[in-house]
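Architecture at a glance
Letter by letter, the chains look like this.
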Amino acid sequence: MMCPNESTLSAYLDGELSTERMQEITEHVKDCRKCKVTLEQLDQTRISLHEADIPAFEAHKRRVYEGILYAHRRGADGFWARRIGLPMPVVLAASALFLVFAGGFIYFLGQNSALQRQPTQLLYANESIQGLHSSSVMIPEFLDQGRESNEVIIEIPGEQEFMIIGEPALIRENEQWNQVVR
Amino acid sequence: MSIEHEAISFTTVYQTLFHTIFSIAYRITGNMTVAEEISQESFLKYYEKAPDLPDLDQARYWLIRVTKNLCYNNEKRKAREKRAYQRALREPERPNHSGEDLFLHEESKEEVQRALNEVPYNLRSVLVLKEYGQLNYRQIGNLLGISESNVKVRVYRGREKLAELLKRGEQ
């Protein structure tokens with residue numbers, strides 16, 4: 001039988017070959033000095049790994065167990081108790097952003113406080129439609145004074161007399177219609 | 001699940017499997033403090049998720065999977081920090097002489113661990129899972145997403161490298 005390659009010998013140590021192949025190699029190693037030495041060397045690393053004790057093992061075991069209980073209790077306090085690490089630039093950028101937005105918000109809140117006042121009522125109940133027409137100029141002026149609300153309620157007079165402003169033809173027709181009705 | 005089984009208590013799992021998990025974490029990372037952190041996180045995950053596993057073998061497999069992921073993350077972080085460190089100091093790569101390695105050498109007093117620290121990660125992790133995880137090649141292959149024959153080769157090359165390093169250490 002030809003010598004098996006070294007990775008096969010390593011697998012032989014782990015018992016990872018088929019039963020027949022295991023038997024073949026067992027037989028082969030009895031006669032082949034070269035393979036026997038290789039096998040012994042490979043086995044030696046295994047042995048040294050298993051002989052190497054971890055120092056103070058019991059202390060680690062106890063400490064980790066306490067760590068688990070502690071971490072679990074802290075976990076029970078919830079998400080907010082969790083510690084996180086953030087890079088300094090991220091923290092600075094986040095606080096700068098916060099300041100900009102908070103500042104802007106406060107500024108605009110001050111600007112818009114007029115909105116919170118009571119709306120003013122403009123009463124035109126006793127004026128004619130023409131009167132309203134002329135006072136439409138007044139409304140922007142009224143708002144520009146800035147001392148009152150931006151909201152305006154305009155009440156249209158209860159009894160109206162409409163004057164039609166538009167195509168002369170339509171006006172004439174309207175007059176004719178009125179005559180017919182009368 | 002159709003087969004009835006009694007849930008294994010966390011204490012049983014911890015008492016039986018701590019040695020395995022801690023050994024794997026320590027042998028792969030080469031650092032006691034990191035190994036403590038990793039085993040704590042693995043068991044905490046097990047404690048909180050309480051996976052419904054029928055026996056200790058399954059629990060071991062479950063825990064080893066979590067542990068090897070944490071070891072892998074640690075390895076990536078270590079490599080990243082080493083690169084950043086070298087970039088910052090504009091130093092060419094000098095293997096085995098960075099601060100981290102010196103620290104590891106300082107910490108791991110035992111010769112075997114010192115040698116193991118110098119075995120490349122992809123061989124070391126496979127070898128450690130084989131020797132300390134009581135797993136067969138197929139299970140290791142499943143854990144790492146590699147083929148069984150790849151596991152076989154890596155176990156062999158890991159042993160070969162470790163033997164070489166141990167021999168060098170004796171001289």
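Residues numbered from 1 in each chain as written. Chains lettered and ligands numbered in written order. Predicted model: local features only at pLDDT ≥ 70, side-chain atom pairs only at ≥ 80, totals over all residues.

1. Section: the overall build of chain A
Rules: Put simply, DSSP H or I for four residues or longer makes a helix, DSSP E for two residues or longer makes a strand, and each gets a number counted from the N terminus. Partly exposed residues are those falling between the two cut-offs: more than 12 but fewer than 20 other C-beta atoms within 10 Å of their own, whereas 20 or more means buried and 12 or fewer means exposed, with C-beta atoms placed from the backbone. Contact between residues is assigned whenever the C-beta positions, reconstructed from backbone atoms, fall within 7 Å.
In terms of helices and strands, chain A carries 8 helices and 2 strands. Going from N to C terminus, chain A has its helices and strands arranged as α-α-α-α-α-β-α-α-β-α. Counting only residues that meet the buried cut, chain A has 7% of its 182 residues in that class. The long-range fraction of contacts in chain A, counting pairs at least 24 apart against all pairs at least 6 apart in sequence, stands at 72%.

2. What about the overall build of chain B?
When helices and strands are tallied, chain B shows 8 helices and 0 strands. Along chain B, helices and strands appear, N-terminal first, in the series α-α-α-α-α-α-α-α. Classification of the 171 residues of chain B by burial places 37% in the buried group. Sequence-distant contacts in chain B: of pairs separated by 6 or more residues, those separated by 24 or more amount to 68%.

3. Topic: the packing of helix α6 (residues 121-133) of chain B against helix α8 (residues 148-170) of chain B
Residue and element names in this part refer to chain B. Counted only if it meets this: Each axis is a line fitted through C-alpha atoms, taken for helices only over the stretch in contact, and angles between the N-to-C directions span 0 to 180 degrees. Note on angle classes: values under 35 degrees are labelled roughly parallel, values over 145 roughly antiparallel, values of 65 to 115 roughly perpendicular, and the remainder oblique. Think of it as three bins: nonpolar holds Ala, Val, Leu, Ile, Met, Phe, Trp, Tyr, Cys and Pro, charged holds Asp, Glu, Lys and Arg, and polar takes everything else, Gly as well.
As a packed pair, α6 and α8 sit with axes 8 Å apart at the nearest point and diverge in direction by 100°. Relative to α8, the element α6 lies roughly perpendicular. Counting all contacts with α6, which are made through Asn122, Leu123, Arg124, Val126, Leu127 and Lys130, the residues of α8 involved are Val151, Arg154, Val155, Arg157, Gly158, Arg159 and Lys161. The residue inventory of the contact of α6 with α8, partitioned by class, reads 5 nonpolar, 2 polar and 6 charged.

4. Some remarks on the interface of chain A and chain B
With 25 residues of chain A at the interface, the matching set in chain B holds 27 residues. Breaking the side of chain A that touches chain B down by element, the ones donating at least two residues are α1 (6-13), α3 (33-51) and α4 (57-76) of chain A. The element contributing the most residues to the side of chain A that touches chain B is α4(A), with 9 residues. Looking at the side of chain A that touches chain B residue by residue, the class counts come to 9 nonpolar, 10 polar and 6 charged.

5. Observations concerning unusual backbone geometry
Residues and elements named next belong to chain B. Here the phi dihedral of Ala50 falls at roughly 40°; this positive angle occurs in a residue that is not glycine. With respect to the helices and strands, the residue Ala50 is situated in the loop between α2 (32-49) and α3 (56-89). Its 12 C-beta neighbours within 10 Å are what place Ala50 among the exposed residues. The phi dihedral of Gln134 is positive, around 50°, even though this residue is not glycine. Tracing the sequence through the fold places Gln134 in the loop between α6 and α7 (137-144). The exposure class of Gln134 is partly exposed, given the 13 C-beta atoms found within 10 Å.

6. As for the nonpolar core
Here is the rule: As used here, a nonpolar core is made of buried Ala, Val, Leu, Ile, Met, Phe, Trp, Tyr and Cys residues. They are joined through C-beta atoms within 7 Å.
Counting residues in each nonpolar core, the largest one holds 41 residues, and the members touching the most others are B:Leu17, B:Ile21, B:Ile24, B:Ala25, B:Val126, B:Leu129 and B:Ile140. Mapped by element, the contributors of at least two residues to this core are α4 of chain A together with α1 (10-29), α2, α3, α5 (111-117), α6, α7 and α8 of chain B. At 10 residues, the largest contribution of residues to this core is made by α1(B). In contact with B:Ala25, other than residues within four places in its own chain, are B:Ala35, B:Ile38, B:Ser39, B:Thr67 and B:Cys71. Formed by 6 residues, the second largest nonpolar core is a distinct cluster that contains A:Leu9, A:Tyr12, A:Val29 and A:Leu42.

7. Observations regarding the confidence of the model for chain B
All names here are of chain B. Spelled out, the test is: Confidence of the prediction at every residue is given by pLDDT, a number between 0 and 100.
Mean pLDDT over chain B: 85, with 84% of residues reaching 70 or higher. In the model of chain B, helix α4 (residues 99-107) stands out as the element of lowest mean pLDDT, 48, in contrast to α7, which has the highest, 95. For this predicted complex, the interface score ipTM comes out at 0.78, while the overall pTM is 0.63.

8. Overview of the packing of α1(B) against α6(B)
All names here are of chain B. Defined as follows: With the far helix as reference, a near helix turned anticlockwise by less than a right angle produces a left-handed crossing, and one turned clockwise produces a right-handed crossing.
For the pair α1 and α6, the least separation of the axes is 9 Å and the interaxial angle reads 155°. It follows that α1 is roughly antiparallel to α6 by the angle criterion. When you trace α1 past α6, the crossing you get is right-handed. Judged by residue contacts, Thr20, Ser23, Ile24, Arg27 and Ile28 of α1 engage Arg124, Ser125, Val128, Leu129, Tyr132 and Gly133 from α6.

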